[in-house]
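Overview (structure and organization)
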Amino acid sequence: LFQLLKYVVIVLTGLAIFQFGAYPLIVKWVARRNPWEFMRKIRIVMVTAFSTSSSNATLPTTMRVGEYDLGMPKEIAGFVLPLGATMNMNGTALFEGATVLFLAQVFGVQLTLGAQLIVVLMSVVTAIGTAGVPSGSIPLLMMVLAMVGVPMEGIAIILGVDRILDMCRTTLNVTGDLVTATIVQRFEKPAGRS
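Below: a short report on this structure. (Residues numbered from 1 in each chain as written. Predicted model: local features only at pLDDT ≥ 70, side-chain atom pairs only at ≥ 80, totals over all residues. Heavy atoms only, no water.)

**Some details on the pattern of salt bridges**
In plain terms, the rule: Salt bridges, as used here, are contacts in which a Lys or Arg side-chain nitrogen is within 4 Å of a carboxyl oxygen on Asp or Glu. In DSSP terms, a helix is any run of H or I states spanning at least four residues, a strand is any run of E spanning at least two, and both are numbered starting from the N terminus. Exposure categories follow from relative accessible area, calculated using a 1.4 Å probe and restricted to protein chains: below 20% of the type maximum is buried, above 50% is exposed, and the middle band is partly exposed.
Under the counting rule described, the total for this entry stands at 3 salt bridges. The salt bridge partner of Arg40 is Glu37, with a shortest N-O separation of 2.6 Å. Taken together, the residues Arg40 and Glu37, both in helix 2 (residues 35–41) and 3 residues apart, mark about one turn of the helix. Salt-bridge contacts for Asp162 lead to Arg169; the nearest nitrogen and oxygen are separated by 3.1 Å. Taking the relative accessible area as the measure of exposure, Asp162 reaches 2% and is therefore buried. With a relative accessible area of 1%, Arg169 lands in the buried category. Within this structure, Asp162, Asp166 and Arg169 form a network of salt bridges that share partners.

**Focus: helix 4 (residues 55–69)**
Defined as follows: Throughout, bend refers to the angle between the axes fitted to the seven residues that end at a position and the seven residues that start at it. By definition in these notes, contact holds between two residues if any of their heavy atoms fall within 4.5 Å.
The sharpest bend along helix 4 reaches about 30° and sits at Thr61. Considered for burial, the residues of helix 4 that qualify are Ser55, Thr58, Leu59, Thr61, Thr62, Val65, Gly66 and Glu67. In this structure, the buried residues of helix 4 make contact with helix 2, helix 3 (43–52), helix 5 (74–87) and helix 9 (155–187). Among the residues trailing helix 4, Gly71 stands out with phi positive, at a value near 70°.

**Notes on the side chain of Asp177**
Under the convention used in this document: In summary, the charge assignment counts Lys and Arg as positive and Asp and Glu as negative, without counting His or the chain termini. Here a polar contact means two N or O atoms within 3.5 Å. Within protein one must be a hydrogen donor candidate and the other an acceptor candidate, and residues neighboring in sequence count only if both atoms are side-chain atoms.
Here Asp177 shows up in helix 9. Arg169 provides the closest opposite charge to the buried, salt-bridge-free Asp177, at an N-O distance of 13 Å. Of note is the side chain of Asp177, whose polar atom sits 3.2 Å from the side chain of Asn88. If we skip the residues at most four places from it in the chain, Asp177 touches Val80, Leu81, Gly84, Ala85 and Asn88.

**Observations concerning the nonpolar core**
As a reminder of what qualifies: By nonpolar core is meant a set of buried Ala, Val, Leu, Ile, Met, Phe, Trp, Tyr and Cys residues that side-chain atoms within 4.5 Å join together.
Core analysis: the biggest nonpolar cluster contains 47 residues, and Tyr7, Phe38, Ile42, Phe95, Ile158 and Leu178 have the highest contact counts within it. Take this core: its biggest share by element is 10 residues, from helix 9. Contact partners of Tyr7, with chain neighbours within four places excluded, come to Phe95, Ala98, Thr99, Phe102, Ile158, Val161 and Leu165.

**Notes on a nonpolar patch on the surface**
Selection criterion: Patches here: salt-bridge-free residues with over 30% relative accessible area, like charges joined within 9 Å, nonpolar side chains (Val, Leu, Ile, Met, Phe, Trp, Tyr) joined within 5 Å. Residue burial considers only the protein chains on display, and all accessible areas are found by Shrake-Rupley using a 1.4 Å probe.
Together, Phe79, Leu83, Met87, Val120, Val124 and Ile128 give the surface a local cluster of nonpolar side chains, amounting to about 550 Å² of exposed area. Breaking the nonpolar patch down by element, the ones donating at least two residues are helix 5 and helix 7 (113–128). In this fold, Val124 is placed in helix 7. On the basis of relative accessible area, Val124 is assigned to the partly exposed category, the value being 43%.

Honestly, it's all geometry; don't read function into it.
Written as structure tokens, this is what we have:
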């Protein structure tokens, strides 16, 4: 149980660093917006994502906040945000990588450098194909476990704590969608201008 607690703390710490460290820096330096104002305006999206654990269920709120609170053109919000709800799963990729490494340690499976690179690559690739529903990454995570020789049944060890991790990684995912849309908004030229 202590090892499981350490795993949860590590995943939550990684998600928090991304949510409150990396994203604000990206918003400030790439999107050229005030990161604290940005986070204040999207707080309802973060709360909705946290409570539903679903990028798809949060999408209407994300689009409304993008258009009305962040001032995105409808064309950008309507294209980038639904695409992000399907493909932009940073939190899921982080979770999958950490979970595979944790379960490999639990079962005493030594992962070579090549196997670790496969874990990184497959975590990113499977995160793109993950359904935006609660625990949608679990079946794909089992596939990654099998690819590197970690027993798939080990997934049962983390199912008890998956809900809180799912809530947090979904919050990171939808925040990433809005950050991406804000960046696209900055670099997109208004219609009718060259």
